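# Results of the structural survey
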Amino acid sequence: MSRAPSMLRRALIRIAYLLPAIFGIVMLIVALLPHVFFFYNGAAYETQSMLSLMASTWEESRVMLDGSVNGSSAAYFFSLIMSVFVVLSWVCGILYALTAAASAVCSCIAFAYPPTHPISNRTKRWMQFFCPNRVLYVLSNLLLLLPAAFPQILQHFYRTQFAYDMKLYFIGVNDLILAIVFVVVNVTSFLALLPAQADEHMDLFRLYKSKKDVTEA
């Protein structure tokens, strides 16, 4: 009877470390699909994917900032702030992807060996290179939120800088709501399984030494 719960806990721990990568792939697929559009003055703008929306925002902002066209101070500030948010969104997305990929790959390798095996501990050191501790690992999940909120950020600055009553619509899923759900599941599952990770010696942020290593030390 004790073996079944142990096997279940070990399976859940493995899944918990894989979830960020799985959810990241889902978010990338959603970001590639045209499903975001704005409605203004009785007309709907072109439906775009999240990535194409960022790209077009970046291109239009650079035209203003490079001085290719003349515009108001509001237009210049809008272009400047949206350029910053495009860069931040890409940085957050890349950092999330790196941490999620490291979590998936390192957990699969480390948990394939006994906790005290040199390969297991070496793999955990690689994981700690990408994400040094549990606190940063939990916080890294929040990186998913900024790219997902890009349409709402764009809508906000259209309204505040130009007083455009731009209405935002999604065909199907709302990226931000989806990202919030994924973040909650990631963080909750990881924190809830911390005691099980200690019991099963499957903590990706802890190096386990054998009795022989402790004696020699």
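In case you missed it, the structure is sitting above this.
Rules behind the numbers
- All residue numbers refer to positions counted from 1 along the written sequence of the respective chain.
- With pLDDT at 70 or above as the cut-off, local features in this predicted model cover only qualifying residues; side-chain atom pairs require 80 or more to be listed or tallied, and sums for whole chains, interfaces and linings still use all residues.
- Side-chain numbers here rest on the full set of heavy atoms in the structure, without hydrogens or water.
- Strands are treated as partners if at least two bridges between them are detected by DSSP.
- Helix numbering and strand numbering both begin at the N terminus, where a helix is a DSSP run of H or I of at least 4 residues and a strand a DSSP run of E of at least 2.
- We call two residues contacting when some pair of their heavy atoms lies within 4.5 Å.
- Every axis in this analysis is a line fitted to C-alpha atoms, fitted for helices over the stretch in contact. Angles between the N-to-C directions lie between 0 and 180 degrees.
- In these notes the angle categories are as follows: under 35 degrees is roughly parallel, over 145 is roughly antiparallel, 65 to 115 is roughly perpendicular, and the rest is oblique.
- It is the rotation of the near helix from the far one that decides the hand of a crossing: anticlockwise by less than a right angle makes it left-handed, clockwise makes it right-handed.
- Each residue is assigned to one class: nonpolar for Ala, Val, Leu, Ile, Met, Phe, Trp, Tyr, Cys and Pro, charged for Asp, Glu, Lys and Arg, and polar for all the others, Gly among them.

What follows concerns the sheet that holds strand 2 (residues 43-44). Spatially, three strands are ordered 2-1-3 in an open sheet, and the strand pairing comes out antiparallel. In this open sheet, the two strands that pair with only one neighbour each are strand 2 and strand 3 (167-170). As paired strands, strand 1 (residues 36-40) and strand 2 are joined by two bridges and run antiparallel to one another. In the sheet register, Tyr 40 faces strand 2, and the bridge partner there is Ala 43. Sheet contacts for helix 7 (residues 150-162): strand 1 and strand 3; angle to strand 3, the most-contacted strand, approximately 165°.

This paragraph deals with the packing of helix 3 (residues 73-110) against helix 7. Contact geometry for helix 3 and helix 7: axes closest at 10 Å, N-to-C directions at 170°. Relative to helix 7, the element helix 3 is oriented roughly antiparallel. Note on packing geometry: the crossing formed by helix 3 with helix 7 is right-handed. Along the contact surface, helix 3 presents Ala 74, Ala 75, Phe 77, Phe 78, Ile 81, Met 82, Phe 85, Val 86 and Ser 89, while helix 7 presents Phe 150, Ile 153, Leu 154, Phe 157, Tyr 158, Gln 161 and Phe 162. Here the residues of the contact of helix 3 with helix 7 sort into 14 nonpolar, two polar and no charged.

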